[in-house]
Amino acid sequence: MPNITLITGSTLGNAEDFAEYLTEKLQLAGFSTTLLHGPNLDELHLSGQWLVITSTHGAGELPDNLQLLSTQIKQQKPDLSQVYFGAIGLGDSSYDQFCGAIKKLEQQLIARGAIQMGEKLEIDVAKYPIPEIAAEKWLIDWMAKF
Ligand SMILES: Cc1cc2nc3c(=O)[nH]c(=O)nc-3n(C[C@H](O)[C@H](O)[C@H](O)COP(=O)(O)O)c2cc1C
C-alpha cells in the first residue's frame, strides 16, 4: 500500500483535526501516512500520493500556514508530474468565495503537472459542522483508486 502525505492548511484547527481523523481512517485501511500541517516546499517529496486538506480564510484565501507553500510553488515552479493528489476543502457557504483556498491550490498543483485523483470534495461546515460525516463516502471512493 502506498504512503499518503496529508497536507493541511488551517487557521483555527478544524482542518487539522479533520486531517487527523482521515489519517486514522487511511491507516485502518492499510495505508501508511505522513501528516504535515502547513509544510513548505522543501519538506515535501515531489512524487507519490498527496491528500491536500485546507480551510478558507480572508475572502477566499489560503490560511496563513499554507501561504508560503503557495508562494514557493508560484516562484519555484517545481515539476509535480510525479504527484498524484486528492483535494478536500472546508469552507462556509455564507461567504462569497466558498472554498476558495482549495480551488486555488488545486489549480496551482495541476498547473505544475500534478495529477488529480477524483473530484475535489468541498465541505460546507454550515451544513456539516462535523466534516467527518460529509467525507465518509468520498474517502472510500478515493481509497479505492489505489
Ligand atoms: C475570518 C474568517 C473568514 C472566512 N472566510 C471564508 C471564505 O472566504 N470562504 C469560505 O468558504 N469559508 C470561509 N471561512 C470559513 C472557514 O473556512 C471554516 O470555518 C473552516 O471550518 C475553518 O477551518 P480551520 O479551523 O481549519 O481554519 C472563514 C472563516 C473565518 C473565521
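Residues numbered from 1 in each chain as written. Predicted model: local features only at pLDDT ≥ 70, side-chain atom pairs only at ≥ 80, totals over all residues. Heavy atoms only, no water.

**Student:** Please give an account of the environment of Lys127 that cites residues and values.
**Tutor:** Within the element layout of this structure, Lys127 appears in the loop between strand E6 (121–124) and helix H4 (131–143). What makes Lys127 exposed here is its relative accessible area of 61%. Each C-alpha atom, one on Lys127 and one on Ser93, is 8.5 Å from the other, the two residues being 34 residues apart in sequence. (Helix = DSSP H or I, 4+ residues; strand = E, 2+ residues; numbered from the N terminus. Buried < 20%, exposed > 50% of the residue type's maximum accessible area, 1.4 Å probe, protein only.)

**Student:** Residue-level account of the pairing of strand E1 (residues 3–9), with values.
**Tutor:** The element E1 is extensively covered by neighbouring structure, given that 6 of its 7 residues are classed as buried. The pairing of E1 with strand E2 (residues 32–37) spans 6 bridges and is parallel. Opposite Thr5, over in E2, you have Thr34 as the bridge partner. Note that the unit made of E1, helix H1 (residues 14–28) and E2 has a crossover that is right-handed. (Pairing = 2+ DSSP bridges. Right-handed = clockwise from strand over helix to strand, strands pointing away.)

**Student:** Describe unusual backbone geometry, and please don't skip the residues or the numbers.
**Tutor:** Backbone geometry places Lys77, a non-glycine residue, at a positive phi of 45°. By the element assignment, Lys77 lies in the loop between helix H2 (64–76) and strand E4 (83–91). Looking at Lys77, the relative accessible area reads 53%, which means it is exposed.

**Student:** Could you give an account of the layout of surface pockets, with specific residues and numbers?
**Tutor:** Think of a ball as big as a water molecule: rolled over the atoms, this probe shows where empty space is left. In this model, the largest pocket occupies a volume close to 290 Å³. Lining the largest pocket are 17 residues, and of these Ser55, Thr56, His57, Gly91 and Val125 sit closest to its centre. Broken down by class, the residue content of the lining of the largest pocket amounts to 5 nonpolar, 11 polar and 1 charged. (1 Å grid on protein atoms, 1.4 Å probe; cavity = no way out; pocket = protein on both sides within 12 Å on 5 of 7 lines; lining within 4 Å. Points joined across faces, edges and corners; volume = space filled by probe spheres on them. Nonpolar A, V, L, I, M, F, W, Y, C, P; charged D, E, K, R; others polar.)

**Student:** Before we move on, could you go through the UniProt feature "domain: Flavodoxin-like" (unreviewed entry) in the protein chain and cite the residues and values that matter?
**Tutor:** Mapped onto this numbering, the UniProt entry annotates "domain: Flavodoxin-like" (unreviewed entry) at residues 4–146. End C-alpha atoms of residues 4–146 are separated by 11 Å, and the span's content is 37% helix alongside 24% strand. (UniProt positions renumbered as here; feature names shortened; annotations may be inferred.)

**Student:** Mind laying out the site of the ligand, listing which residues take part and the relevant values?
**Tutor:** Taken together, 20 residues lie around the ligand, and Ser10, Asn14, Ala15, Thr56 and His57 are the ones closest in. Between an oxygen atom of the ligand and a main-chain N or O atom of Asp92, the distance comes to 3.1 Å. Cys99 places a main-chain nitrogen or oxygen 2.8 Å from an oxygen atom of the ligand. Alone, the ligand offers 650 Å² of accessible surface; in the complex the protein occludes 82% of this. Assessed atom by atom at 2 Å from the grid points, the ligand resides in the largest pocket. (Near = heavy atom within 4 Å. Polar contact = N/O pair within 3.5 Å; in protein donor to acceptor, adjacent residues only side chain to side chain. Areas by Shrake-Rupley, 256 points an atom, 1.4 Å probe, with all protein chains shown as cover. Sits in = over half its atoms within 2 Å of the grid points.)

**Student:** Quick one: what's the story with the packing of aromatic side chains, residue by residue and with numbers?
**Tutor:** Throughout the structure, instances matching the rule amount to 3 aromatic pairs. Here the aromatic rings of Phe31 and Phe146 are separated by 5.3 Å at their centres, their planes lie at 70°, and the arrangement is edge-to-face. Placement of Phe31 in the loop between H1 and E2 and of Phe146 in the segment after H4 is noted, with a sequence separation of 115 residues between them. On the basis of relative accessible area, Phe31 is assigned to the buried category, the value being 5%. A relative accessible area of 34% places Phe146 in the partly exposed class. Centroid distance Trp138 to Trp142: 5.8 Å. Interplanar angle 10°. Geometry classified as stacked. Placement of both Trp138 and Trp142 in helix H4 is noted, with a separation of 4 residues, approximately one turn of the helix. (Phe/Tyr/Trp six-rings, centres within 6.5 Å; stacked < 30°, edge-to-face > 60°.)

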